[in-house]
Amino acid sequence: MRLSQRAFRRHGTRRAATLLSASLILLSVLLASPAAAAGQVSQQRFASETLQRDYPYTLYLPGGYAVSHQAYPVIYLLHGSFGSETDWVQGGRLRQTADRLIRLGVIPPVVIVMPGAESWWIDGHNEAARTAFFEDLVPHIEESWHVVPEREWRGVAGLSAGGFGALNFALERPEMFAAVAAFSPASYHPLPPENSSAWRHPSFQRDGSFDAELWERSNYTAHLDDYLAQELTVPVYLTAGDRDRLNAAHHARLVQHALEPRQPGDVRLDVLPGGHTWRVWRASLPRGLSFMARHLQAPVPLETDDAQVPAPTPDR
């Protein structure tokens, strides 16, 4: 039987209303699911025995963290020279990038820790940032948040001076990190260029002058021999801008050439359009997170008295 024009309109209206209602229900379910929920960013601090002051950090927790009953991989993301723990959120759009990559399945849900330091991530003349990172920050994070305290679930990354620090940490302590990413790393060899802030940073100031000996002891080159001689290797991702005023692409290539013979195929360098700026670092962040995600293990059920963290599975 054919519907009248009025009945047809009523039928179409009811059908549209039904479809809209179903769509709204589906949308509410998706938004309520941990995978679709936005990550949370908060400012944290704790008392550092090494620094004898509070150690600040910004924390990114993936959507659904509080109700997932899972332990997550963790990435330590370091800021640059004269920066702070808020830089990656304010200038790097960390939360938007991490949320999008997790939602698309490019990276697993991950905890990201953005610590603050007054040094170049070394035990410098102004503070012992390296010691505070390893002996205070990492234990605090692993005691306070649901992260797996094992190498296969731990990565480190950073920009400029933070890239310098990330490379140093990974090469000095390869037993701690499954992957490292360094964006425009300030890993200059043999010395920083004249326009680098390293020359005036308190970390390297001794009696009012730049401490070249401390630079040589702190740079990645000081760790190379021991790193190349041991069994473990850490996959490395590097970026730099093609118009970087500090010639970071050249120095990143030196890092690549030093490591590539020991770990062929596990040292990647991308040269991107731009300078020593947030434009390059924002473009580097999703690339670096994606690279590290291929080497980090996925979240696992929280450990209980009857269950241990499972052995890592092969790289995805």
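Bear in mind the structure is a predicted one, so any value in this text is a computation, not a measurement. (Residues numbered from 1 in each chain as written. Predicted model: local features only at pLDDT ≥ 70, side-chain atom pairs only at ≥ 80, totals over all residues. Heavy atoms only, no water.)

Description of the packing of aromatic side chains
Think of a pair of aromatic rings as described by two things: how far the centres are apart, and how the planes are tilted against each other in angle.
Right, on to step 1. Applying the stated criterion to the full structure yields 22 aromatic pairs.
Right, on to step 2. With centroids separated by 5.7 Å and ring planes inclined at 75°, the aromatic side chains of Trp120 and Phe204 adopt a geometry described as edge-to-face. In this pair, Trp120 is assigned in the loop between strand 5 (111–115) and helix 4 (129–144) and Phe204 in the loop between strand 7 (179–183) and strand 8 (205–206), connecting sequence segments 84 residues apart.
Right, on to step 3. The class of Phe204 is buried, set by a relative accessible area of 0%.
Right, on to step 4. Taken together, the ring pairs in this structure connect Trp120, Phe164, Tyr188, Trp199, Phe204, Phe210 and Trp215 into an aromatic cluster.
Right, on to step 5. The ring of Phe134 carries Arg173 above its face, with NZ or CZ at 4.9 Å from the centroid. (Phe/Tyr/Trp six-rings, centres within 6.5 Å; stacked < 30°, edge-to-face > 60°. Helix = DSSP H or I, 4+ residues; strand = E, 2+ residues; numbered from the N terminus. Buried < 20%, exposed > 50% of the residue type's maximum accessible area, 1.4 Å probe, protein only. Lys NZ or Arg CZ within 6 Å of the ring centre and 35° of its normal.)

Some details on the side chain of Ser290
Right, on to step 1. Within the secondary structure layout, Ser290 lies in helix 9 (residues 278–293).
Right, on to step 2. The residues contacting Ser290, other than those within four sequence positions of it, are Leu101, Val106 and Ile107. (Contact = heavy atoms within 4.5 Å.)

Things to note about the pattern of salt bridges
Once their charged atoms are close, side chains differing in charge can pair, the charge on each being opposite to the other.
Right, on to step 1. By the definition in use, this model includes 11 salt bridges.
Right, on to step 2. One salt bridge in this structure joins Arg53 and Glu127, with 2.5 Å as the shortest N-O distance. Of this pair, Arg53 sits in strand 2 (residues 53–61) while Glu127 sits in the loop between strand 5 and helix 4, placing them 74 residues apart in sequence.
Right, on to step 3. By relative accessible area, which is 8% here, Glu127 ends up buried.
Right, on to step 4. Between Arg268 and Asp270 there is a salt bridge, with its nearest N and O atoms 3.0 Å apart.
Right, on to step 5. The class for Asp270 is buried, based on a relative accessible area of 14%.
Right, on to step 6. Look at the salt bridges and you will find they share partners, linking Asp123, Arg130 and Glu172 into a network. (Salt bridge = Lys/Arg side-chain N within 4 Å of Asp/Glu carboxyl O.)

Remarks on the sheet that holds strand 5
Right, on to step 1. Taken in spatial order, the 8 strands of this open sheet run 1-2-5-4-6-7-10-11, and their pairing is mixed. In this open sheet, the two edge strands, each paired with only one partner strand, are strand 1 (40–48) and strand 11 (267–272). Direction aside, neighbouring strands of the sheet carry axes that sit 20° apart on average.
Right, on to step 2. Where strand 10 (residues 236–241) meets strand 11, 6 bridges bridge the pair, whose relative direction is parallel. Bridge pairing in strand 11 places Ala240 opposite Val271.
Right, on to step 3. Together, strand 10 and strand 11 form the strand contacts of helix 8 (residues 248–259), whose direction differs from that of strand 11 by roughly 165°. (Pairing = 2+ DSSP bridges. Axes fitted to C-alpha atoms, helices over the stretch in contact; angles between N-to-C directions.)

Fair warning: the whole summary comes from geometry, so function is off the table for now.
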